[in-house]
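Close look at the chain arrangement
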Amino acid sequence: MPGPAVFFVRAALMHLAAGSVLGALLLAAKGGLALPALLYRAWPLHSEIMLVGWAVQLAVGVAYWILPKHSQPPVRGPLWPVVTAAVLINAGVATAGLGPLLDLPPLTLSGRVAEAVAVALFAGTAWPRVKAFGR
């Protein structure tokens, strides 16, 4: 498995663990467990971690690994867009998730922009590798 794919999958698994812990705390708070007031506003952070941090990042990592390779080097396309996408998607999850928690809409917007740029960079690199079977 190539290095960027390993990073994406490992980061996705870390997001899964963090999102599961946060989700368990949110569920315990609904059950009556006394928790800090800030935790009650963490639902958007939990959603961001689980949807983008885990699901999207896992899909991107597996797609980078499993899509057909080019016949000429670099076989998976240029590396810089994928590395930049990895940094941007993780920064976007943090900022877009913390924006509502801290009541900072510009932080949320910057996180969404970072995520969108990450998806565009990855799609631009991966799209040339999408081809019919046997080609």
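The structure under discussion appears in the preceding block.
Below: a short report on this structure. Sequence order as written defines the numbering, with residues in each chain counted from 1. Local features in this predicted model are restricted to residues whose pLDDT is 70 or higher, and side-chain atom pairs enter the listing and the counts only when it is 80 or higher, whereas totals over whole chains, interfaces and linings include all residues. The basis for every side-chain value is the complete set of non-hydrogen atoms in the structure, without hydrogens or water.

Comments concerning the environment of G77
Tracing the backbone shows G77 in the loop between helix 2 (43-66) and helix 3 (80-102). With 13 residues separating them in the primary sequence, G77 and Y64 have C-alpha atoms 10.0 Å apart. Labels follow the DSSP assignment, with helices taken as runs of H or I lasting at least four residues and strands as runs of E lasting at least two, numbered in each case from the N terminus.

Section: helix 4 (residues 105-126)
Counted at 1.5 Å a residue, the expected span for helix 4 with its 22 residues is 32 Å, and the 31 Å between its end C-alpha atoms agrees. Listing the buried residues of helix 4 in full gives T108, G111, A114, E115, A118, F122, T125 and A126. When helix 4 is viewed along its axis, its buried side chains cluster within an angular range of 125 degrees and face the same direction. Of the residues in helix 4, the exposed ones pointing more than 90 degrees away from the buried face are P105, P106, L109, A120 and G124. Structurally, helix 4 contributes buried residues whose contacts are with helix 2 and helix 3. Given a helix with a known number of residues, its expected span is that number minus one, times 1.5 Å. Accessibility here uses a 1.4 Å probe with only protein chains present; expressed as a share of the type maximum, an area under 20% marks a residue as buried, one over 50% as exposed, and anything in between as partly exposed. To obtain the arc, one takes the directions from the helix axis to the C-beta atoms. The contact criterion used is simple: two residues touch if any of their non-hydrogen atoms lie within 4.5 Å.

Note that every value here comes from positions in space, so none of it alone points to a role or purpose.
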